[in-house]
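# Results of the structural survey
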Amino acid sequence: SRAHSQKAHKDPREQCRQQPIPPFQTPLDTYFPRNRSALCCGKMALWQPRPLWELPPCPYVNHTPPVTPLQKVRMILVGVLLFLPRLLLLLFTLFSAYGLAKLSVIGWTVHPRPKRALPTWRRLIQKVLVPPLVRLNLFSLGFHRIKVNGSPAARADAPILVCNHQSFLDIWISLWQTLPVGVSAAENMRFPIMGEIMLAFQSIFVDRENSSSGQSASEEILRTIEDERYPQIQMFPEGNTGNGRALCAFKLGAFLPGKPVQPYVIKYSSPTLDVSWCEPLGIPVHLLALRMLLEVNNTCEITYLDPIVPTQAMKEKPELFMKAVQVAMAEALAVPVCQYSFGDTALMFRARKYGLPPKAALMEMDRATQVFGVGVTDCKECLEQFAKGIKTEQALAMATPAVELSSLATSISTLSSLGLLEALDLIGAASEQADALMATFDQDHSGTVSFREFVAGLATLAATRDKAEGSFYARAVSELKENILN
């Protein structure tokens, strides 16, 4: 009765947000009173899922404003007067940089990555000739003046450079500034020209969805750092591009060696064009490049921060080192820190494949892992089942342009009597069980079940079973059928 009294005075969604969310532990007896009903946001339910939190703004949205009539006139004038010379300069510098990069490694194996650094004369070709061409390439894209605050530290003072990641231009800027050994996603190796250039500069490639690849890359990074014949290593610890309005979750790779790190930040600012390369919610890269060519001027500012030398505590616990660097970069950019990661991007691509709005799959993945103990593979499996339990047409019909979706809203009848039960393979469940399930999953009392609520509801169940019993979703459904509904 006390819970019902509180419900009358407080919004249940506020109650959910105010509940503390401790780190993930197994078993979760506090949240899972076996074989008896529980209170979930003041409502009777079969068990109590771990509470959700309010998602921060999505960092994977390009914020380029609509083109105004005045901008159209200006773009036409730029197109008539400057587009052709800019395009020719862009192509000349791009292919020249590519040709010189290939020239520097003639007779040298670039893939798989050799275990030794490029000889001095080969590196000299790259160092002397490529950066000026890269700067001209940026000039052709409208970056006439790039402000640089501070300067790169010497390799002896900081063998590792880390930078925020917003655009494909970040790689060009790093080549112009320091010509480092880059660490990049394995799929970038397949890009024509750019992939070849990165191979020539002995970049280290990581398959972001393969843990063994990450381990191999970590070993290669450490070996490269310890060999002084290599230049500095450059990493983008976010492991993904965002719109620059927040720093996403960092990966540990740059901080595991326990060596000094110099962070630097890149800011792009233009009232008419957001140059961030965000997928799948952003502008395709070729259209971004076209828009840059049609802008009168694009602006960029680079700020080098002081190198951060890890303390003994940071060396023993790299998470502390990572956090210190992340906070310093966030302060320099004047943006907040969030826990979105490449896992969220992977889920958005998967949602689009199932015909769902990509934002429906956002989890703030790194935080979800901490709170629910789920990984990207677990969430992909849940998303597949979730998509089977709803009608895509109804989901899309509920996506109003005026509201930025943070969850997928569908009708209560679909989810309570069909969708939720179908997703859980419980079509024959009694109506009272269906109502109880709805009450359990529906944390915010909206009358709908979002994908995040679906995962949160299953996470508590899956945690009670041994991982050897099967996948995340299979363990959760087995627990539901064997010990909850029976």
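Residues numbered from 1 in each chain as written. Predicted model: local features only at pLDDT ≥ 70, side-chain atom pairs only at ≥ 80, totals over all residues. Heavy atoms only, no water.

### Things to note about the overall build of the protein
In terms of regular secondary structure, the protein is built from 18 helices and nine strands. Counting across all 486 residues of the protein, residues that qualify as buried make up 52%. Contacts in the protein between residues at least 24 apart in sequence constitute 74% of all its contacts with a sequence separation of at least 6. Put simply, the protein shows about 22,200 Å² of open surface, and 58% of that area lies on carbon and sulfur atoms. (Helix = DSSP H or I, 4+ residues; strand = E, 2+ residues; numbered from the N terminus. Buried < 20%, exposed > 50% of the residue type's maximum accessible area, 1.4 Å probe, protein only. Contact = heavy atoms within 4.5 Å. Areas by Shrake-Rupley, 256 points an atom, 1.4 Å probe, with all protein chains shown as cover.)

### A word on the packing of helix 13 (residues 376–388) against helix 17 (residues 451–462)
Packing of helix 13 against helix 17 leaves a shortest axis separation of 10 Å and a crossing angle of 115°. The two elements helix 13 and helix 17 cross, and the hand of that crossing is right-handed. Between helix 13 and helix 17, the contacting residues are Cys 379, Cys 382, Leu 383 and Phe 386 on the first element and Phe 451, Phe 454, Val 455 and Leu 458 on the second. When the residues that make up the contact of helix 13 with helix 17 are grouped by side-chain class, the tally is eight nonpolar, no polar and no charged. (Axes fitted to C-alpha atoms, helices over the stretch in contact; angles between N-to-C directions. Left-handed = near helix turned anticlockwise from the far one by under 90°. Nonpolar A, V, L, I, M, F, W, Y, C, P; charged D, E, K, R; others polar.)

### Here's the deal with the pattern of salt bridges
Should the charged atoms of two oppositely charged side chains come close, the side chains can pair. Considering all chains together, one arrives at nine salt bridges under this definition. The shortest N-O distance in the salt bridge between Glu 479 and Arg 465 comes to 3.0 Å. Pair noted here: Glu 479 is in helix 18 (residues 472–484) and Arg 465 is in the loop between helix 17 and helix 18, with a separation of 14 residues, a long-range link. The buried category is assigned to Glu 479, whose relative accessible area is 1%. With its nearest N and O atoms 3.1 Å apart, the salt bridge here joins Glu 482 to Arg 465. (Salt bridge = Lys/Arg side-chain N within 4 Å of Asp/Glu carboxyl O.)

### Observations regarding the sheet that holds strand 4 (residues 160–163)
Strands sit in the order 3-9-8-4-7-5-6 across an open sheet of seven strands; the sheet is mixed. Across the chains shown, the open sheet's two edge strands, defined by having one partner strand only, are strand 3 (146–149) and strand 6 (204–206). Each adjacent strand pair in this sheet contributes to an overall mean axis angle of 20°, direction not counted. By the bridge criterion, six bridges tie strand 8 (residues 261–269) to strand 9 (residues 299–304) in an arrangement that is antiparallel. Across the sheet, the residue bridging to Tyr 264 is Tyr 304, located in strand 9. Along the sheet, helix 5 (residues 169–177) makes contact with strand 3, strand 7 (233–235), strand 8 and strand 9, crossing strand 8 at roughly 125°. (Pairing = 2+ DSSP bridges.)

### Brief notes about the environment of Ala 463
Tracing the chain through its elements places Ala 463 in the loop between helix 17 and helix 18. Expressed as a C-alpha distance, the spacing of Ala 463 and Glu 479, which sit 16 residues apart in the sequence, is 9.5 Å.

### What about empty space enclosed by the protein?
A complete count under the given rule lists two cavities of 30 Å³ or more for this structure. By volume, the largest cavity is sized at about 60 Å³. In this structure, the largest cavity is lined by Asn 164, His 165, Gln 166, Glu 238, Gly 242, Asn 243, Gly 244, Ala 246, Leu 247, Cys 248, Leu 333 and Val 335. Classifying every residue of the lining of the largest cavity gives five nonpolar, six polar and one charged. (1 Å grid on protein atoms, 1.4 Å probe; cavity = no way out; pocket = protein on both sides within 12 Å on 5 of 7 lines; lining within 4 Å. Points joined across faces, edges and corners; volume = space filled by probe spheres on them.)

### Some points on the state of the cysteines
A complete count under the given rule lists zero disulfides for this structure. Cysteine Cys 58 remains unbridged, with the sulfur of Cys 278 as its closest cysteine sulfur at 8.0 Å. This cysteine, Cys 379, is not joined by any disulfide, and Cys 382 carries the nearest cysteine sulfur, 6.2 Å off. (Disulfide = S-S within 2.5 Å.)

### Description of the packing of aromatic side chains
Summed over the entire model, instances satisfying the criterion amount to 12 aromatic pairs. Pairing Tyr 60 with Tyr 340 gives two aromatic rings, centres 6.2 Å apart and planes at 75°, and the pair type is edge-to-face. Pair noted here: Tyr 60 is in the loop between strand 2 (43–45) and helix 3 (69–104) and Tyr 340 is in the loop between helix 10 (318–333) and helix 11 (342–353), with a separation of 280 residues, a long-range link. Across from the ring centre of Trp 176, 5.3 Å away, lies the NZ or CZ of Arg 135, which sits over that ring. The side chain of Arg 452 reaches across the aromatic face of Trp 53, ending 5.0 Å from its centre. (Phe/Tyr/Trp six-rings, centres within 6.5 Å; stacked < 30°, edge-to-face > 60°. Lys NZ or Arg CZ within 6 Å of the ring centre and 35° of its normal.)

### Topic: the nonpolar core
Residues Leu 424, Leu 437, Phe 454 and Leu 458 are the most contacted members of the largest nonpolar core, which totals 56 residues. Put simply, the parts of the chain that give this core at least two residues each are helix 11, helix 12 (365–372), helix 13, helix 15 (412–423), helix 16 (431–441), helix 17 and helix 18. Counting residues per element, this core draws most heavily on helix 17, at eight residues. (Core = buried A, V, L, I, M, F, W, Y, C linked by side-chain atoms within 4.5 Å.)

### Brief notes about helix 10
When the terminal C-alpha atoms of helix 10 are compared, their 23 Å separation across 16 residues agrees well with the 22 Å that a helix rising 1.5 Å per residue should span. Those residues of helix 10 that sit buried are Pro 318, Phe 321, Met 322, Val 325, Gln 326, Met 329, Ala 330 and Leu 333. Taken around the axis of helix 10, the buried residues stretch over an arc of 160°, which confines them to a single face. For helix 10, the secondary structure elements touched by its buried residues are strand 4, strand 8 and helix 9 (312–316). Following helix 10 by one or two positions, Ala 334 adopts a phi angle in the positive range, close to 60°. (Expected span 1.5 Å × (residues − 1). Arc of directions from axis to C-beta.)

### Considering the confidence of the model for the protein
Overall, the prediction assigns the protein a mean pLDDT of 83, with 84% of residues at 70 or greater. Within the model, pLDDT remains below 50 along residues 1–43, and this stretch shows 83 contacts once partners closer than five positions in the same chain are excluded. Within the model, pLDDT remains below 50 along residues 392–418, and this stretch shows 54 contacts once partners closer than five positions in the same chain are excluded. (pLDDT = per-residue confidence, 0-100.)

### A few points about the packing of helix 4 (residues 120–140) against helix 5
One way to put it is that helix 4 packs onto helix 5 with a least axis distance of 8 Å and a crossing angle of 140°. Comparing the axis directions of helix 4 and helix 5 gives the class oblique. For the element pair helix 4 and helix 5, the recorded crossing hand is left-handed. Where helix 4 abuts helix 5, its residues Pro 131, Val 134, Arg 135, Asn 137 and Leu 138 lie against Leu 169, Trp 172, Ile 173, Leu 175 and Trp 176. The residue makeup of the contact of helix 4 with helix 5, split by class, is eight nonpolar, one polar and one charged. (Parallel < 35°, antiparallel > 145°, perpendicular 65-115°, else oblique.)

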